[in-house]
Amino acid sequence: MSTPLQKQAILLLEDGTVHYGKAFGKIGTTTGEICFNTGMTGYQEVFTDPSYYGQIIIMNNVHVGNYGIKDDEVESDSVKIRGLIGRNLEEQYSRKLANASLDTYLQMNNIVCIEGVDTRDLVIHVRQKGAMNCIISSEILDVEELKKELAKVPSMDGLELASKVSTNEAYTMGDPNSEVRIAVLDYGTKQHILQCMVDRGAHLKVFPAKSKLADLKAFSPNGYFISNGPGDPAAMDYAIATVKDVLNESKPTFGICLGHQLLALASGINTFKMHHGHRGLNHPVKNLITGKCEVTTQNHGFGVDPKEVSKATNVEITHVNLNDDSIEGIRLKDRPAFSVQYHPESTPGPHDSRYLFDDFIELIKKHK
Ligand SMILES: NC(=O)CC[C@H](N)C(=O)O
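Residues numbered from 1 in each chain as written. Predicted model: local features only at pLDDT ≥ 70, side-chain atom pairs only at ≥ 80, totals over all residues.

A. Main features of the UniProt feature "binding site: L-glutamine" (unreviewed entry) in the protein chain. The sites that UniProt annotates as "binding site: L-glutamine" (unreviewed entry) are Ser51, Gly229, Gly231, Leu258, Gln261, Asn299, Gly301 and Phe302. For the residues just named, distributed over 252 residues, the greatest C-alpha separation is only 13.1 Å, placing them together at one site. Mapped onto the fold, Ser51 is located in the loop between helix 1 (43-47) and strand 4 (55-59). Take Ser51: there are 30 C-beta atoms within 10 Å of it, and that puts it in the buried class. (UniProt positions renumbered as here; feature names shortened; annotations may be inferred. Helix = DSSP H or I, 4+ residues; strand = E, 2+ residues; numbered from the N terminus. Buried ≥ 20, exposed ≤ 12 C-beta atoms within 10 Å, placed from the backbone.)

B. The sheet that holds strand 9 (residues 132-137), seen in detail. Here seven strands make up a closed barrel; going around it, the order is 1-2-8-6-4-3-9 and the pairing mixed. Taking the axes of each pair of neighbouring strands and ignoring which way they run, one obtains an average angle of 35° across the sheet. Relative to strand 6 (residues 83-85), strand 4 is paired through three bridges, and the arrangement is parallel. Paired with Ile58 across the strands is Ile85, a residue of strand 6. (Pairing = 2+ DSSP bridges. Axes fitted to C-alpha atoms, helices over the stretch in contact; angles between N-to-C directions.)

C. Structural detail: the pairing of strand 14 (residues 253-256). Taking every second residue as pointing to the same face, both faces of strand 14 are buried, with Thr253 and Gly255 on one and Phe254 and Ile256 on the other. Note that strand 13 (residues 223-226) and strand 14 share three bridges and pair parallel. Pairing of Ile226 across the sheet is with Gly255, part of strand 14. Assessed by its sense of winding, the connection that carries the chain from strand 13 through helix 8 (residues 237-248) to strand 14 is right-handed. Pairing of strand 14 with strand 19 (residues 337-340), which is carried by four bridges, proceeds in the parallel orientation. Each bridged residue has a counterpart across the sheet, and for Thr253 the counterpart in strand 19 is Ala337. (Right-handed = clockwise from strand over helix to strand, strands pointing away.)

D. The sheet that holds strand 18 (residues 327-332), seen in detail. One open sheet accounts for ten strands, arranged 10-12-11-13-14-19-18-17-15-16; its pairing is mixed. Single-partner strands in this sheet number two, and they are strand 10 (171-173) and strand 16 (293-304). Here the average twist between neighbouring strands, direction ignored, is 25°. Strand direction decides the pairing type here: strand 15 (residues 271-287) and strand 16, joined by ten bridges, are antiparallel. The residue of strand 16 that forms the bridge with Phe272 is Gly303.

E. Up close: the site of the ligand. Taken together, the neighbourhood of the ligand is formed by Ser51, Asn228, Gly229, Pro230, Gly231, Cys257, Leu258, Asn299, His300, Gly301 and Phe302. Ranked by residues supplied to the shell around the ligand, first place goes to strand 16 with four residues. Residue composition of the shell around the ligand, by class: four nonpolar, seven polar and no charged. (Near = placed C-beta within 6 Å. Nonpolar A, V, L, I, M, F, W, Y, C, P; charged D, E, K, R; others polar.)

F. Here's a closer look at helix 6 (residues 191-198). Residues Ile193, Leu194, Cys196 and Met197 constitute the buried set of helix 6. Looking straight down helix 6, one finds its buried side chains confined to an arc of 155°; they lie on one side. Along its buried surface, helix 6 packs onto strand 10, strand 11 (181-185), strand 12 (203-207), strand 13, strand 14 and helix 11 (355-367). (Arc of directions from axis to C-beta. Contact = placed C-beta atoms within 7 Å.)

G. Spotlight on helix 11. Spanning 13 residues, helix 11 covers 18 Å between terminal C-alpha atoms, matching the ideal 18 Å at 1.5 Å per step. Here helix 11 has its buried residues at Leu356, Phe357, Phe360, Ile361 and Ile364. One side of helix 11 holds all its buried residues, which, seen down the axis, span an arc of 140°. Residues of helix 11 that are exposed and point more than 90 degrees away from the buried face comprise Asp358 and Lys366. Those residues of helix 11 that are buried are in contact with helix 6, strand 13, strand 14 and strand 19. (Expected span 1.5 Å × (residues − 1).)

What follows is the structure, given as structure tokens:
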């Protein structure tokens, strides 16, 4: 909750919209693409998800921070969002197990934030006008000066960001004696995606973004995983080339979110920038194979082109979004490869879709 002692802060959007509020986290200036997350819980997992790198997040929930911060509730080693916008960002927290307050955590991670903003109004605005860049500042309070800074920020459309959050060195996880060996292409993976595979007995080797098929093959994998990550998938020529080579191996391959988009691009299907994307914990998806509905966790601003998918002879649509009919899952007809646009590891979120990890492990065992 804002107090009279807090410094002023300003939020300026690319279309000229201005919101005034109070500074939270680091005092400074930050820029990025504005987007909103409708989830009511799981803020720490959201802030540490590398897919959000380069983005400034509006949290729809009116209170953020009430249960503090816990060191192990993270999806990567640091906060990856570029900035945070909230109605009430809380310094006080009530969970005994928490290690720190949200404010301390955001300051430690150098994240510039603004609170006291009418987030309902702002979310409706972004929902109507679409994704755009924005700037938050608690040090420059002159709108004209902020406009000049904001004009320098590149559009998310066409931006390659995955190589900035990928691991620098390859590393392994899980039981080295496992019969299931998965080579992971890390474009900014969430830790719990890897954990979901390790929990099912897999041995993983996680490779830096620019690794080639030959690097992966040196691990003798019997399955390949293509991770989630930030930025525009169409700007990732190096990854599209590697995923094409991976598909030619005809080994079980699974992609999540950015990995789904790369699987489509490597199969000759384009992606596109969505109007304002999907970010939250309650997106209904229908599995067209089983006829069942799943409530899913989502975080994406790009999508796979539905017209091109329906024309492609080698690709089958397996999942659709029940809110807007967008493509949520595909599988290849001529290769043991499948992918989903949403996040089945669901940290945070409902566990309805974790069966996809079981399916992947089963597919690998069958193909051995
Ligand atoms: N969660 C993700 O992997 C996001 C993928 C991609 N950066 C998008 O915004 O669509």
